[in-house]
Amino acid sequence: MLNYLTLSNLIAVLKIVLDVGVVSIIIYYCLKIVKNNSRTIQLVKGILFVLLINWIAQTLGLRTIAFITTQVLNWGVLVIFIIFQPEVRSLLEKLGKTTFTSISSLNQSEKERLIDELVRSTNDLANSKTGALICLEQTNSLDDYIATGTALDADVSDELLGTIFWEGTPLHDGAVIIRGNRIACASAFFPPTTREFPRQYGARHRAAVGISEVTDSITIVVSEETGNVSIAKEGVLTQVNAVNLRATLVRALQASDPVVSTTTSETQQAPASPTQDVPIKEVKPLIKKRSRKKDAKIEAEAIVVQPSTPLKENTKEGKAKGGKTNAKK
Ligand SMILES: Nc1ncnc2c1ncn2[C@@H]1O[C@H](COP(=O)(O)OP(=O)(O)OP(=O)(O)O)[C@@H](O)[C@H]1O
């Protein structure tokens, strides 16, 4: 009898652990999705707001408001599924899929070679003022975006990236996505940011910031207009030179694996290595085309870099941005 009770207690405890464990995992992944997607952050804020109004209305006995907000919350689930249909679909598609070869799975020499090739090709692209968008997949899968481009499975090399972004090729329009140390695709389309953005930046920079808002990827942008190089990460666009670029890439790879030994401060202060010999560009002064009042608001969603250096006045008034935008998508 005692044994039976102990066994049934044990089973009950295991059930509770399983129950709580599964729910915790679901909550963890939901929070991860919310955190990585600016659209879902807005949505969660909206839901919290409606919940607050509903609670106040219930507490104060405001029956009409309580009724309306309750209906909004009841029907909200359906609305969420409709609004987030693409996200829900891709989430379901991902279930059961094997994990991709991420950058973190590369060994030290592969990482170093990848960084060397990226710095070298970015340097060449910048010097020849060839517009480019090179996105490095991190932990969030870029499958959905790879699907919008032309699939490739090629070694990352200075020569190949130069060829892809050469204006004469059909693949030059759009972004290259790098998965692990392979070029997964070219000509991919990214969701452009919808945030307020300095006018001198066009569709390419908007796309780079856009993808960095919804995933943890790192994107290198080379401006066709100026040859300037920027990095988009976590919704922030930072203009870099060769040393900054290398340091950022080292840091990014380091974050997932301590195998890359150079520390951040060492990297930033380090003299140029062989691939850093030719700086891509001096860090250009950065424009803030906003009033001081607006700047306070922008602090939180900093678009620009190097606060001490105002952005170079480099307008593109004559340029028809829309014309160059990746219209095919
Ligand atoms: N959503 C997008 N996803 C991927 N690539 C895009 C996207 N929008 C534009 N591009 C790429 O950017 C090119 C247009 O760049 P545009 O000149 O408008 O941007 P820009 O930020 O001003 O860059 P640049 O300084 O190089 O001129 C397109 O030809 C295409 O290759």
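The coordinates are above.
We now turn to the structure provided with this report. The model shown is predicted, which means the values in this text are computed figures rather than measured ones.

Next up on the list: the overall build of the protein chain. In terms of helices and strands, the protein chain carries 12 helices and 7 strands. Looking at the protein chain residue by residue over its 329 residues, the buried ones come to 39%. Contacts in the protein chain between residues far apart in sequence, at least 24 positions, make up 66% of those at least 6 positions apart. Within the structure as shown, the protein chain displays about 18,700 Å² of accessible surface, and the carbon and sulfur contribution to it stands at 63%.

Bringing the sheet that holds strand 7 (residues 236-240) into the picture now. Ordered by their spatial adjacency, 7 strands build an open sheet running 2-4-3-1-5-6-7, and the pairing between neighbours is mixed. This sheet does not close on itself; its edge strands, each paired only once, are strand 2 (150-155) and strand 7. Going across the sheet, the axis of each strand differs from the next one's by a mean of 25°, ignoring polarity. In terms of strand pairing, strand 6 (residues 229-233) meets strand 7 through 5 bridges, oriented antiparallel. Residue pairing for strand 7: I231 is matched across the bridge by T238.

Of all 5 residues in strand 5 (residues 218-222), 5 are buried, a share of seventy percent or more. Pairing analysis gives 5 bridges linking strand 1 (residues 132-136) to strand 5, with the strands arranged antiparallel. Residue pairing for strand 5: I134 is matched across the bridge by I220. Note: strand 5 against strand 6, 5 bridges, orientation antiparallel. Counterpart to I218 in the pairing with strand 6 is K233. Where strand 5 hands over to strand 6, the hairpin turn is made up of 6 residues, of which G227 adopts a positive phi near 80°.

Attention now moves to the packing of aromatic side chains. In this structure the tally under the stated criterion is 1 aromatic pair. Ring geometry for Y145 versus F190: centroids 6.0 Å apart, planes at 85°, classification edge-to-face. Here Y145, found in helix 6 (residues 143-146), pairs with F190, found in the loop between strand 4 (182-188) and helix 8 (203-214); they are 45 residues apart in sequence, far enough to count as distant.

Now for the pairing of strand 3 (residues 175-179). Across the 5 residues that make up strand 3, a large majority, 5, are buried. Of the pairings in the sheet, the one linking strand 1 to strand 3 comprises 3 bridges and is parallel in character. Paired with I134 across the strands is V176, a residue of strand 3. As judged from the 4 bridges shared by strand 3 and strand 4, these two strands associate in the antiparallel manner.

The N-to-C vectors of helix 5 (residues 108-127) and helix 7 (residues 158-165) enclose an angle of 40°; their axes lie 8 Å apart at closest approach. By the criterion of interaxial angle, the relationship of helix 5 to helix 7 is oblique. Crossing hand, helix 5 versus helix 7: right-handed. In this structure, helix 5 contributes E117, L118, R120, S121, D124 and L125 to the contact, and helix 7 contributes D158, E159, L161, G162 and F165. Class assignment for the residues of the contact of helix 5 with helix 7 results in 4 nonpolar, 2 polar and 5 charged.

Counted by the stated rule, this structure contains 11 salt bridges. Where D116 meets R246, a salt bridge forms, and the shortest distance between an N and an O atom there is 2.8 Å. With D116 in helix 5 and R246 in helix 9 (residues 242-256), this residue pair connects regions lying 130 residues apart in the sequence. Taking the relative accessible area as the measure of exposure, D116 reaches 28% and is therefore partly exposed.

Procedures and definitions
- Residues numbered from 1 in each chain as written.
- Predicted model: local features only at pLDDT ≥ 70, side-chain atom pairs only at ≥ 80, totals over all residues.
- Heavy atoms only, no water.
- Helix = DSSP H or I, 4+ residues; strand = E, 2+ residues; numbered from the N terminus.
- Buried < 20%, exposed > 50% of the residue type's maximum accessible area, 1.4 Å probe, protein only.
- Contact = heavy atoms within 4.5 Å.
- Areas by Shrake-Rupley, 256 points an atom, 1.4 Å probe, with all protein chains shown as cover.
- Pairing = 2+ DSSP bridges.
- Axes fitted to C-alpha atoms, helices over the stretch in contact; angles between N-to-C directions.
- Phe/Tyr/Trp six-rings, centres within 6.5 Å; stacked < 30°, edge-to-face > 60°.
- Parallel < 35°, antiparallel > 145°, perpendicular 65-115°, else oblique.
- Left-handed = near helix turned anticlockwise from the far one by under 90°.
- Nonpolar A, V, L, I, M, F, W, Y, C, P; charged D, E, K, R; others polar.
- Salt bridge = Lys/Arg side-chain N within 4 Å of Asp/Glu carboxyl O.

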